[in-house]
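# Geometric and topological summary
Next come the chains, spelled out residue by residue.
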Amino acid sequence: MDIKDKLLAAARESAANAYAPYSGFKVGAALLSSSGNIYGGCNVENASYGLTVCAERIAAFKAVSAGEREFPEMCIYTDTDTPFYPCGACRQVLSEFNPEMKLTVVWKNGKEELNLNLLLPKQFKL
Ligand code: THU
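Definitions and cut-offs
- Residues numbered from 1 in each chain as written.
- Predicted model: local features only at pLDDT ≥ 70, side-chain atom pairs only at ≥ 80, totals over all residues.
- Heavy atoms only, no water.
- Helix = DSSP H or I, 4+ residues; strand = E, 2+ residues; numbered from the N terminus.
- Buried < 20%, exposed > 50% of the residue type's maximum accessible area, 1.4 Å probe, protein only.
- Near = heavy atom within 4 Å.
- Polar contact = N/O pair within 3.5 Å; in protein donor to acceptor, adjacent residues only side chain to side chain.
- Areas by Shrake-Rupley, 256 points an atom, 1.4 Å probe, with all protein chains shown as cover.
- 1 Å grid on protein atoms, 1.4 Å probe; cavity = no way out; pocket = protein on both sides within 12 Å on 5 of 7 lines; lining within 4 Å.
- Sits in = over half its atoms within 2 Å of the grid points.
- Nonpolar A, V, L, I, M, F, W, Y, C, P; charged D, E, K, R; others polar.
- Pairing = 2+ DSSP bridges.
- Axes fitted to C-alpha atoms, helices over the stretch in contact; angles between N-to-C directions.
- Contact = heavy atoms within 4.5 Å.
- Core = buried A, V, L, I, M, F, W, Y, C linked by side-chain atoms within 4.5 Å.
- Points joined across faces, edges and corners; volume = space filled by probe spheres on them.

### Some points on the environment of Gly36
Assignment of secondary structure puts Gly36 in the loop between β1 (27–32) and β2 (38–42). For Gly36, a relative accessible area of 44% translates into the label partly exposed. Along the sequence, Gly36 and Arg69 sit 33 residues apart, while their C-alpha atoms lie 12 Å from each other.

Written as structure tokens, this is what we have:
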């Protein structure tokens, strides 16, 4: 299995774990670190809706809290008929670590490869 397939498998597995009783919208993300590890994340919703955390940020925070800092690539999966792209907050969080991260967005019948800097030009930086 090549790395792209591994990332997709991890993103799909993560989506299956999504806790989304309110929206019913399940998202899975898989983040590749430069050391070759893969960190999966799913969205985790809350009855207090604003506390919900997206799949992409869960994957990023898992990886960073494991000591990783460099991330060349992420795969994002939704079991939908159309593509869904990361929200603005997730774009900013991913951009902190790699503004040129390669993203593969996968849905039921399609896949699109794009660069994070296309989705978030001129990100906030200190
Ligand atoms: N969601 C994600 O997991 N990632 C995104 O980039 C956008 C939205 C989740 C949050 C919530 O659980 C559901 O999708 C509907 O907004």
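Still more to cover.
### Overview of the site of the ligand
The environment of the ligand is made up of Ser23, Phe25, Val27, Asn43, Glu45, Thr52, Cys54, Ala55, Glu56, Pro86 and Cys87. A distance of 2.8 Å separates a nitrogen atom of the ligand from a polar side-chain atom of Glu56. Note that an oxygen atom of the ligand is positioned 2.9 Å from one of the backbone N or O atoms of Cys87. Burial of the ligand by the protein amounts to 77% of the accessible area it has alone, namely 370 Å². Spatially, the ligand is embedded in the largest pocket. Class assignment of the residues belonging to the shell around the ligand gives a composition of 6 nonpolar, 3 polar and 2 charged.

### Overview of the sheet that holds β2
Pairing is mixed in the open sheet, where 5 strands are placed in the order β2-β1-β3-β4-β5. Two strands close off the open sheet at either side, each with one partner strand: β2 and β5 (110–115). The mean inter-strand angle of the sheet, taken between neighbouring strand axes irrespective of direction, is 15°. Note: β1 against strand β3 (residues 73–78), 6 bridges, orientation antiparallel. Looking at the pairing, Ala30 lines up with Cys75 of β3. Where helix α2 (residues 55–65) meets the sheet, its contacts fall on β1, β2 and β3, and the angle it forms with β2 comes to roughly 140°.

### Some thoughts on the nonpolar core
Among the nonpolar cores identified, the biggest contains 21 residues, and Leu31, Phe71, Met74, Leu94, Met101 and Leu103 are the most heavily contacted of them. Among the elements that take part in this core, α2 stands out by supplying 5 residues, more than any other. Residues Ala10, Ala15, Leu32 and Cys75 belong to the second largest nonpolar core, which totals 9 residues.

### Re the layout of surface pockets
Estimated volume of the largest pocket: approximately 230 Å³. The wall of the largest pocket is formed by 15 residues, among which Phe25, Val27, Asn43, Cys54 and Glu56 lie closest to the centre. Every element with two or more residues in the lining of the largest pocket is listed here: α2 and β3. Taken together, the residues that form the lining of the largest pocket break down as 9 nonpolar, 4 polar and 2 charged.

These figures capture arrangement, not role.
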